[in-house]
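Summary of structural features
Residue-level listing of the chains:
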Amino acid sequence: MHLFDLSVFLVYFAALVHYAIQPPITPVEPIQTLLPGLREVFIMVYSLSLLCNPGHITAVPSLLTLLAFLSCLPSVPRPQDGAYAVLLLSMSLHLLQLHLPRAPSPLLLFPF
């Protein structure tokens, strides 16, 4: 079960990193809005599901991710928004979370 949890978390983290590296292209006309795509919806739903695990300090990055996306609805965070900076902070905290011996962490896969 831990391996499945870790693999889904790594897919979520890869989607978050992909969003940070390649954000959606900003439309030329200010009237157009960027609607959330499948990647953004997956990030929001999985970060919400991580918040359902009670009592973990590791829920803070998920909360930041969810708040960054929810603050920009019906659009998505763009690099010129403050929510994008919060998203980058959340991504950094998720990276640090992988090094902690709490689930999901690759450290728990080793038997020593």
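Thresholds applied
Residues numbered from 1 in each chain as written. Predicted model: local features only at pLDDT ≥ 70, side-chain atom pairs only at ≥ 80, totals over all residues. Heavy atoms only, no water. Core = buried A, V, L, I, M, F, W, Y, C linked by side-chain atoms within 4.5 Å. Buried < 20%, exposed > 50% of the residue type's maximum accessible area, 1.4 Å probe, protein only. Helix = DSSP H or I, 4+ residues; strand = E, 2+ residues; numbered from the N terminus. Contact = heavy atoms within 4.5 Å. Axes fitted to C-alpha atoms, helices over the stretch in contact; angles between N-to-C directions. Parallel < 35°, antiparallel > 145°, perpendicular 65-115°, else oblique. Left-handed = near helix turned anticlockwise from the far one by under 90°. Nonpolar A, V, L, I, M, F, W, Y, C, P; charged D, E, K, R; others polar. Salt bridge = Lys/Arg side-chain N within 4 Å of Asp/Glu carboxyl O.

1. Considering the nonpolar core
Soluble, globular proteins show a tendency: their nonpolar side chains are buried together. With 23 residues, the main nonpolar core has Phe-9, Tyr-12, Leu-16, Tyr-19, Ile-43, Phe-69 and Leu-87 as its most contacted residues. Residue assignment for this core shows that the elements contributing at least two residues are α1 (2-21), α2 (38-51), α3 (60-70) and α4 (82-97). Not counting residues up to four positions away in its chain, the partners in contact with Ile-43 are Tyr-12, Ala-15, Leu-16, Tyr-19, Thr-65 and Phe-69.

2. What to know about the side chain of Ser-62
Summarising the element assignment, Ser-62 is placed in helix α3. Judged by its relative accessible area of 1%, Ser-62 falls in the buried class.

3. Remarks on the packing of α3 against α4
Helix packing geometry: the angle between the two helix axes and the distance between the axes. Contact pair α3 / α4: the axes reach a minimum separation of 8 Å and the direction vectors enclose 160°. The angle between α3 and α4 places the two elements in the roughly antiparallel class. For the element pair α3 and α4, the recorded crossing hand is left-handed. Residues Pro-61, Ser-62, Leu-64, Thr-65, Ala-68 and Phe-69 of α3 lie in contact with α4, whose contacting residues are Ala-83, Val-86, Leu-87, Leu-89, Ser-90, Leu-93, His-94 and Gln-97. Considered class by class, the residues forming the contact of α3 with α4 number nine nonpolar, five polar and no charged.

4. Comments concerning the environment of His-18
In this fold, His-18 is placed in helix α1. In this structure, the C-alpha to C-alpha distance between His-18 and Arg-39, residues 21 residues apart in sequence, is 9.1 Å.

5. Some thoughts on the environment of Tyr-46
Relative to the helices and strands, Tyr-46 resides in helix α2. Under the relative-accessibility criterion, Tyr-46 is labelled buried at 10%. Residues Tyr-46 and Ser-62, spaced 16 residues apart in sequence, show a C-alpha to C-alpha distance of 8.4 Å. Apart from residues lying up to four places away in sequence, Tyr-46 is in contact with Asp-5, Val-8, Phe-9 and Tyr-12.

6. Digging into the pattern of salt bridges
If you walk through the whole model with that rule in mind, you get two salt bridges. Between Arg-39 and Glu-40 there is a salt bridge; the shortest N-O distance is 3.3 Å. The residue Asp-81 makes a salt bridge to Arg-78 at a minimum N-O spacing of 3.8 Å. Here Arg-78 falls in the partly exposed class, since its relative accessible area comes to 24%.

7. Section: the packing of α1 against α4
One can describe the packing of α1 onto α4 by two numbers: an axis separation of 10 Å at closest approach and a directional angle of 145°. Crossing angle aside, the handedness with which α1 passes α4 is left-handed. For the pair α1 and α4, contact is made by Phe-9, Tyr-12, Phe-13, Leu-16, Val-17, Tyr-19, Ala-20 and Ile-21 and by Tyr-84, Leu-87, Leu-88, Met-91, His-94, Leu-95 and Gln-97, respectively. When its residues are assigned to classes, the contact of α1 with α4 shows 13 nonpolar, two polar and no charged.

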